[in-house]
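# Coordinates in review
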Amino acid sequence: MHSTLIQSSQGKQAFVSEQHGLQLSCTLRDMEAKQHSIKSLKSYPEAGGRSLAAAAGADVSGGGGGGVGYRAGAAELEMEAKIQKAVDFKVEGHRCYKEKKFREAIGKYHRALLQLKGVHVAEGTTGSEVNLLNQAAVRLTDDQRRAVESTEIECYDSLTACLLQSELVNYERVKEYCLKVLSHQQDHFKAMYRAGIAFYHLGDYECALRYLRDAKSREPTDTNVLRYIQLTEMKMSKSGQRDREPCKEAMG
């Protein structure tokens, strides 16, 4: 009888010890998970004066409701990262352009615009990347909005400059990019002038003259603008294009 009681007592102790071990193991795993989460959050720089944890609204203590805040914060940080990558690619494009590596520069500018398109997709809006600012401005900070707009303008403007250096110029693409710049800044001199060149070489002299005259209004003494106006008027005189419909693609 005494032996049976001892065995029973030992069995209970073993059971209690086993349960305690399981609880301790679970507790350690929870602590490790929380520490890993905290370390992951601290591994990122502060965004907008707040830590990632604060920006994400994450509840690292394990409370409920942190998931939604964390996802929202993560999306904001992802957007910020895309904008910064776009700016970095733009700067690399400028460097390549100065070194006369025009093909490489074009690639960098396109990658910058692709990053901005990623911002556009993350915002859940539709349309081209140019429409990002109009459709999603309320979801971008003022600094982000300015960064997106200036980066787009610089990239499209620089792309036209690179394309015009090509041996075989794609004037249709030059026209397209100039119009994108002018959709942001209607008084952008280079975009007006280059749009005039593109329309001239595409044979649309009415539109070419319209943009070239707009450019002249900004820079009345620019010799390149004046030369292209003269060439355009000569072409129009020979082809009789003055009798055709006015330029439908002109701004304003």
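Before going into details, it helps to say that this report is about the structure given with it. (Residues numbered from 1 in each chain as written. Predicted model: local features only at pLDDT ≥ 70, side-chain atom pairs only at ≥ 80, totals over all residues. Heavy atoms only, no water.)

Within the chain, Lys100 stands out as a residue other than glycine whose phi angle is a positive 60°. Inspection of the secondary structure puts Lys100 in the loop between α3 (66-98) and α4 (102-123). With relative accessibility at 64%, the residue Lys100 sits in the exposed group. (Helix = DSSP H or I, 4+ residues; strand = E, 2+ residues; numbered from the N terminus. Buried < 20%, exposed > 50% of the residue type's maximum accessible area, 1.4 Å probe, protein only.)

If you trace the backbone, Ala208 turns up in helix α9 (residues 205-218). By relative accessible area, Ala208 is classed as buried at 0%. Considered as a pair, Ala208 and Thr232 are 24 residues apart in the sequence and their alpha carbons are 7.2 Å apart. In this structure, Ala208 is in contact with Gly196, Phe199, Tyr200 and Thr232, ignoring residues within four places of it in sequence. (Contact = heavy atoms within 4.5 Å.)

Now for helix α10 (residues 223-239). Under the 1.5 Å per step criterion, the end-to-end length of α10 is 24 Å for 17 residues, consistent within 8% with the ideal 24 Å. Turning to α10, its buried residues number three or more, namely Val225, Tyr228, Ile229, Thr232 and Met236. Across the axial projection of α10, the buried residues extend over an arc of 105°, all falling on one side. Opposite the buried face of α10, at more than 90 degrees from it, the exposed residues are Thr223, Gln230, Ser237 and Lys238. In the core, the buried residues of α10 are packed alongside α8 (189-201) and α9. (Expected span 1.5 Å × (residues − 1). Arc of directions from axis to C-beta.)

Let us look at the side chain of Thr160. Locating Thr160 in the fold gives a position in helix α6 (residues 142-163). Engagement of the side chain of Thr160 in a polar contact is seen with the backbone oxygen of Asp157, the distance being 2.5 Å. Aside from chain neighbours lying at most four places away, what touches Thr160 is Val174, Tyr177, Cys178 and Arg194. (Polar contact = N/O pair within 3.5 Å; in protein donor to acceptor, adjacent residues only side chain to side chain.)

A separate point is the packing of aromatic side chains. What the rule picks out here adds up to 7 aromatic pairs. On the basis of an interplanar angle of 65° and a centroid distance of 5.4 Å, the ring pair of Tyr97 and Phe102 is categorised as edge-to-face. Residue Tyr97 is classed as partly exposed on the basis of its relative accessible area, which comes to 30%. Of the aromatic side chains, those joined through ring pairs into one cluster are Phe189, Tyr193, Tyr200, Tyr205 and Tyr228. (Phe/Tyr/Trp six-rings, centres within 6.5 Å; stacked < 30°, edge-to-face > 60°.)

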